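Residue-level structural notes
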Amino acid sequence: MRVMTSLGLCSSVEAEVYCPTDKSLAMTKPIGRDGVPCIYDLTLPALSKLPEYLRLNNYVNPEEYSRSPMQWAVGKSQFEWLAENKQHQFLFNSYMSSRREGKPNWFDVYPLKRLIDGAIPLPDAAFLVDIGGNEGHDLGNLYARYSRPPGRLILQDLPKMVKNVDRQGIDAMAYSFLDPQPVKGARAYYFRAIFHDWPDRICQRILLNTISAMNAQYSRIIIVDFVLPDTNVPRMQSAMDIQMMSIGAGVERSKKQWVDLLASVGLKINGIWNSNPALESVIEAVLMEDAERL
Ligand SMILES: C[S@@+](CC[C@H](N)C(=O)[O-])C[C@H]1O[C@@H](n2cnc3c(N)ncnc32)[C@H](O)[C@@H]1O
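Residues numbered from 1 in each chain as written. Predicted model: local features only at pLDDT ≥ 70, side-chain atom pairs only at ≥ 80, totals over all residues. Heavy atoms only, no water.

Here we look at the overall build of the chain
The helix and strand inventory of the chain stands at 15 helices and eleven strands. Compactness check: the chain gives a C-alpha radius of gyration of 20 Å against a globular reference of 19 Å for 294 residues, within 12% of the reference. Its C-alpha atoms give the chain principal-axis dimensions of roughly 65 × 45 × 40 Å. Taking all 294 residues of the chain together, the buried fraction comes to 48%. When the accessible area of the chain is evaluated, it comes to approximately 15,100 Å², of which 54% is carbon and sulfur surface. Taking the average location of the 32 positive side-chain charges in the chain and that of its 33 negative ones, the two points are 1 Å from each other. (Helix = DSSP H or I, 4+ residues; strand = E, 2+ residues; numbered from the N terminus. Rg over C-alpha atoms; globule rule 2.2 N^0.38 Å. Buried < 20%, exposed > 50% of the residue type's maximum accessible area, 1.4 Å probe, protein only. Areas by Shrake-Rupley, 256 points an atom, 1.4 Å probe, with all protein chains shown as cover. Lys, Arg positive; Asp, Glu negative; His and termini not counted. Charge placed at Lys NZ, Arg CZ, Asp CG, Glu CD.)

Focus on the site of the ligand
Taken together, 19 residues lie near the ligand, and Arg100, Gly132, His137, Asp157 and Arg192 sit nearest. With respect to the ligand, the side chain of Arg100 contributes an N or O atom lying 2.8 Å from an oxygen atom. Within the backbone of Arg192, a nitrogen or oxygen atom sits 2.8 Å from a nitrogen atom of the ligand. Contact with the protein chains hides 96% of the accessible area of the ligand, taken as 600 Å² for the molecule alone. (Near = heavy atom within 4 Å. Polar contact = N/O pair within 3.5 Å; in protein donor to acceptor, adjacent residues only side chain to side chain.)

Section: the pairing of strand β7 (residues 220-225)
Among the six residues in β7, six count as buried, and that is most of the element. Covered by surrounding structure in β7 are Arg220, Ile222 and Val224 together with Ile221, Ile223 and Asp225, the residues of both alternating faces. Where strand β6 (residues 188-192) meets β7, five bridges bridge the pair, whose relative direction is parallel. Among the inter-strand pairings, Ala188 is bridged to a residue of β7, identified as Arg220. (Pairing = 2+ DSSP bridges.)

Digging into the sheet that holds strand β10 (residues 267-273)
Strand order in the open sheet formed by seven strands is β5-β4-β3-β6-β7-β11-β10, and the pairing between neighbours is mixed. Across the chains shown, the open sheet's two edge strands, defined by having one partner strand only, are β5 (170-174) and β10. Ignoring strand direction, the axes of neighbouring strands in this sheet form an average angle of 25 degrees. Bridge count between strand β3 (residues 126-131) and β6: three bridges; the pairing is parallel. In the strand pairing of β6, Leu128 is matched with Ala188. Helix-sheet contacts for helix α11 (residues 137-145) involve β3, β4 (152-157), β5 and β6, and the interaxial angle to β4 is about 170 degrees. Helix α13 (residues 200-211) rests against β6, β7, β10 and β11 (281-287) of the sheet, and its axis sits at about 160 degrees to β6. (Axes fitted to C-alpha atoms, helices over the stretch in contact; angles between N-to-C directions. Contact = heavy atoms within 4.5 Å.)

Concerning α13
Here α13 contains twelve residues, and its C-alpha end-to-end distance of 16 Å stays within 8% of the 16 Å for a straight helix at 1.5 Å per residue. Considered for burial, the residues of α13 that qualify are Ile202, Cys203, Ile206, Leu207, Asn209, Thr210 and Ile211. Buried residues along α13 sit in contact with β6, β7, β9 (253-254), α15 (255-263), β10 and β11. (Expected span 1.5 Å × (residues − 1).)

Considerations on the nonpolar core
In this structure, Tyr189, Phe191, Phe195, Trp198, Leu207, Ile221 and Leu267 are the most contacted members of the largest nonpolar core, which totals 32 residues. Of all the secondary structure elements, the ones that give two or more residues to this core are β3, β6, α13, β7, α15 and β11. Per element, the largest residue contribution to this core is five residues, and it comes from α13. With residues near it in sequence (within four places) discarded, Tyr189 still touches Val129, Ile131, Gln181, Val183, Lys184, Thr210, Ala213, Met214, Ser219, Arg220, Ile221 and Ile222. (Core = buried A, V, L, I, M, F, W, Y, C linked by side-chain atoms within 4.5 Å.)

A word on the environment of Ile211
Inspection of the secondary structure assignment puts Ile211 in helix α13. Separated by 56 residues in sequence, Ile211 and Leu267 have C-alpha atoms that sit 8.9 Å apart. With residues up to four places along the chain from it excluded, the contact list for Ile211 reads Val265, Leu267 and Leu287.

Remarks on the UniProt feature "domain: O-methyltransferase C-terminal" (unreviewed entry) in the chain
Under the UniProt annotation, "domain: O-methyltransferase C-terminal" (unreviewed entry) lies at residues 69-266. Secondary structure content for residues 69-266 is 41% helix and 16% strand, and the end C-alpha separation is 31 Å. (UniProt positions renumbered as here; feature names shortened; annotations may be inferred.)

Focus: the packing of aromatic side chains
Within a pair of aromatic rings, the relevant descriptors are the distance that separates the centres and the angle that separates the planes. Applying the stated criterion to the full structure yields eleven aromatic pairs. Taken together, the ring pairs connect Trp106, Phe107, Tyr110, Tyr146, Tyr190 and Trp273 into an aromatic cluster. Between Lys49 and the ring centre of Trp72, over which it is positioned, the NZ or CZ distance is 4.9 Å. (Phe/Tyr/Trp six-rings, centres within 6.5 Å; stacked < 30°, edge-to-face > 60°. Lys NZ or Arg CZ within 6 Å of the ring centre and 35° of its normal.)

Quick look at the packing of helix α4 (residues 35-48) against helix α14 (residues 235-248)
Closest axis-to-axis distance for the α4/α14 pair is 9 Å, and the angle between their directions is 75 degrees. It follows from the interaxial angle that α4 and α14 lie roughly perpendicular. Judged by residue contacts, Ile39, Leu42, Thr43, Ala46 and Leu47 of α4 engage Ile242, Gln243, Ser246 and Ile247 from α14. Across the contact of α4 with α14, the residue classes break down as six nonpolar, three polar and no charged. (Parallel < 35°, antiparallel > 145°, perpendicular 65-115°, else oblique. Nonpolar A, V, L, I, M, F, W, Y, C, P; charged D, E, K, R; others polar.)

Below, the structure written as structure tokens:
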């Protein structure tokens, strides 16, 4: 209890009397109850061996997914491990859908009007495709706010993830973003907390697969992820950076890293929106040739 108190997980009001704090209450909700054991079991085996991995690899930043610290320590990376651990996959999905509770929605930070204006107003036109959208919590929030979007809301994730999804207003589709995007000419292709899982080489592949489906004059890519400051990165974001590096050779990126990554596949950033430097930003990107015409 002394350790718990020193971590702020409870308060110590007098000898051997403890009271809950905001943190202890959070531990009873899905974000703590499901998130903490899942992320602990998922990341600890690789993190505990990180010093040895780095020493063996001459302290070179891992840039190959197939050679991530987790791959080396455990024999698989995060999504393969989750797919094989049903209970942890369940906890992970619960954590994904709960971890942003109380924080602004991406469409409160980014002016959605930029996508709605000019969208083809046909019911079967694809308005927004949420790629790697897990069980559809983000699209569910969008639909709760805009129950008449100008076109379809499409959820894409791996087959196991979407097979039981049945959400009003959302079309679920099994798809791997390592393959060419089958939904052509959508108004927006949306990626939240996707690119930080992967090294640049795989991000380029995902982006090129998306570009293959884009209408150059019409489609946009929306990315929701951290945009790190160049100096004094806050503790949570820097911890996430090491975590992503360990479990899949991923990376949390600075603005320059985003600009360089997107430019490497012919994309240009139209704008970056953020409500709070400690939270994810929203990046809007378009194909370079047509950026000025959008
Ligand atoms: C970190 S979660 C992000 C989920 C959601 N976008 C969010 O922000 O809450 C990453 C998601 O990518 C999905 N994913 C992993 N590999 C994938 C692939 N090859 N194709 C499509 N989705 C994939 C996972 O199943 C998971 O739902």
